[in-house]
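The primary structure of each chain is shown beneath.
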Amino acid sequence: MGDIAKIILNGNEYEFPVLTGTEQEKAIDMRTLRLKTGYIAFDPGYANVGSCQSAITFIDGDKGILRYRGIPIEQLAEHASFVEVAYLLIYGELPNEKELNKWSAEFTEHSMIHEDMKNFFDGYPAGGHPMGILSAMVCSLSAYYPELERVELTSMDFRRISVELISKVRTIAAFSYKKKIGEPFVYPRSDLKYIPNFLNMMFSSPNRVYEVQDCVANALRTLFVLHADHEQNCGTSSVRMVGSSLANLYASVSAGICALWGPLHGGANQRVTEMLQSIQQSGGDVAHFITQVKDRKNNTKLMGFGHRVYKNYDPRAKIIKQRTDVLLNKLGIHDPLLEIALKLEEAALKDSFFVERKLYPNVDFYSGIIYRAIGIPVDMAPVMFAMARMAGWIAHWKEMRDEADLRISRPRQVYVGHQQRDFIPMEKRG
Ligand code: CMC
């Protein structure tokens, strides 16, 4: 018999089974808590709640470990293409050569968006945030795929809508940038791979051919692989939560984009660059900024630092920091923001405020400097995150929908409002 957890409430003892994951993670199975005791578990922010069992991504935040389907992130960042990682996350195994070629060809085949959708871009003001546009566009895509409404998708249907989504977000993202800068849209090309195709749509124009440099494509590939999944974070949990109502994949992912947009989550990469710019504009005084962060009255955070799960250096940040150096050297760019970031990290890692709270650079701390070097505008940084995260969201949505005992996500609350009271007619209200 497995381990048992006991809860004693008002003198009564209740037993709950203990679940053990493949990496020896332990959980108390509380599914019968309310039924047995009448109590609920209270945990705002869900820091201690496991919402599902998942076989996709493993994180050990104390040791700084991240693996997709068991494979260390360091190996994937070195060797795998984004399209290959998407397959791994969604289907659970690395594709063989034939499977990968077929999968890649499907991405090329489905990269166009419906011509009518181009008109949608006209409705947005030039300053509209690209995450708002991406989320609305992804939800709007649902209108073009009636099969999405079927609760039971065939494996072919699922594969097609997944490929369409991952492929088309890249076109939508690039089109929203072109709209913003007032240039004509550049269509996807069938001779280009996933990342070069995106770069070409972003930076080519009728009078300018953008030559995709290998170092740029490789830096972006690495970022996409690193961002592709991160288990039950706010965005992914939103996708699962929306999908648990049997909402379609595109509607669920659209919710994930909105959750990711927040500055505490994927929107942090934009805020990091803005923070570095603001420190630079005010003279580059890193020590002063750190003092401001430590003075809680200021409500200032060191953006790109800290993590709910990592209480050690985020393994993704380690890789990104190293790749930032390589890219900037190759491009011959000297970015003063990188210098500020390095000084901030150095100061924070030896300051007791950050040491005691185990605050280290996270995935968003250095990524913005790579985007800047490539020419991707600061407000598109969260969009880049979202494009890569599509792979993980689709994998989680599928895993959730395949659960034999799928239940709608529906947390409880502890009500702290008024007790029952009577309606007061208008003439008697003060
Ligand atoms: N700067 C200054 N203080 C911080 C920071 C920070 N970046 N992060 C956490 N703290 C402090 C926090 O105020 C708290 O202090 P105290 O115990 O004195 O009240 C302590 O550290 C613990 O933090 P927390 O807020 O309880 O941690 P959390 O798990 O609720 O929040 C977080 C995690 C990522 C939201 C938070 O660290 C943060 O706001 N970081 C800055 C935003 C950021 O970089 N987000 C990107 C996260 S990685 C991308 C992704 O979402 O996957």
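Residues numbered from 1 in each chain as written. Predicted model: local features only at pLDDT ≥ 70, side-chain atom pairs only at ≥ 80, totals over all residues. Heavy atoms only, no water.

1. Here's the deal with the nonpolar core
Core analysis: the largest hydrophobic core is formed by 116 residues, its most contacted members being Leu165, Leu220, Met275, Leu302 and Leu344. By residue number, the principal contributor to this core is helix α18 (residues 381–401), which donates 14 residues. Dropping the residues within four chain positions of it, Leu302 is found in contact with Met275, Phe289, Ile290, Val293, Leu344, Ala348, Phe354 and Phe365. (Core = buried A, V, L, I, M, F, W, Y, C linked by side-chain atoms within 4.5 Å. Buried < 20%, exposed > 50% of the residue type's maximum accessible area, 1.4 Å probe, protein only. Helix = DSSP H or I, 4+ residues; strand = E, 2+ residues; numbered from the N terminus. Contact = heavy atoms within 4.5 Å.)

2. Quick notes on the domain arrangement of the protein
Under the domain assignment used here, the protein contains domain 1 (4–60), domain 2 (73–266 + 377–401) and domain 3 (269–374). The straight-line distance from the C-alpha centre of domain 1 to that of domain 3 is 36 Å. (Domains from an automatic or database assignment.)

3. Some points on the environment of Ile369
For Ile369, the position within the fold is in helix α17 (residues 364–374). By relative accessible area, which is 2% here, Ile369 ends up buried. With 116 residues separating them along the chain, Ile369 and Val253 place their C-alpha atoms 27 Å apart. Here Ile369 is in contact with Leu276, Thr324, Leu328, Asp335, Leu337, Leu338 and Ala341, once residues within four sequence places are set aside.

4. Things to note about the site of the ligand
Near the ligand there are 20 residues, and of these His265, Arg296, Lys301, Leu302 and Arg308 occur at the shortest range. At a separation of 2.6 Å, an oxygen atom of the ligand approaches a polar side-chain atom of His265. Within the backbone of Gly304, an N or O atom sits 2.8 Å from an oxygen atom of the ligand. Here the ligand has 940 Å² of accessible area as a free molecule, and 75% of this is covered by the chains. Residue composition of the shell around the ligand, grouped by class: 10 nonpolar, five polar and five charged. Here the shell around the ligand spans two domains, and each of domain 2 (73–266 + 377–401) and domain 3 (269–374) adds at least three residues to it. (Near = heavy atom within 4 Å. Polar contact = N/O pair within 3.5 Å; in protein donor to acceptor, adjacent residues only side chain to side chain. Areas by Shrake-Rupley, 256 points an atom, 1.4 Å probe, with all protein chains shown as cover. Nonpolar A, V, L, I, M, F, W, Y, C, P; charged D, E, K, R; others polar.)

5. Here's the deal with the sheet that holds strand β4 (residues 57–60)
Here three strands make up an open sheet; going across it, the order is β4-β5-β6 and the pairing antiparallel. Looking at the sheet topology across the chains shown, the edges are occupied by β4 and β6 (71–72). Pairing of strand β5 (residues 65–68) with β6, which is carried by two bridges, proceeds in the antiparallel orientation. In the strand pairing of β6, Tyr68 is matched with Ile71. (Pairing = 2+ DSSP bridges.)

6. Focus: the pattern of salt bridges
Scanning all chains against the criterion turns up 29 salt bridges. The salt bridge involving Lys6 is made with Glu13; its shortest N-O contact spans 3.4 Å. For Lys297, the salt bridge identified is with Asp295, shortest N-O distance 3.6 Å. Lys297 gets classed as exposed once you look at its relative accessible area, which sits at 75%. (Salt bridge = Lys/Arg side-chain N within 4 Å of Asp/Glu carboxyl O.)

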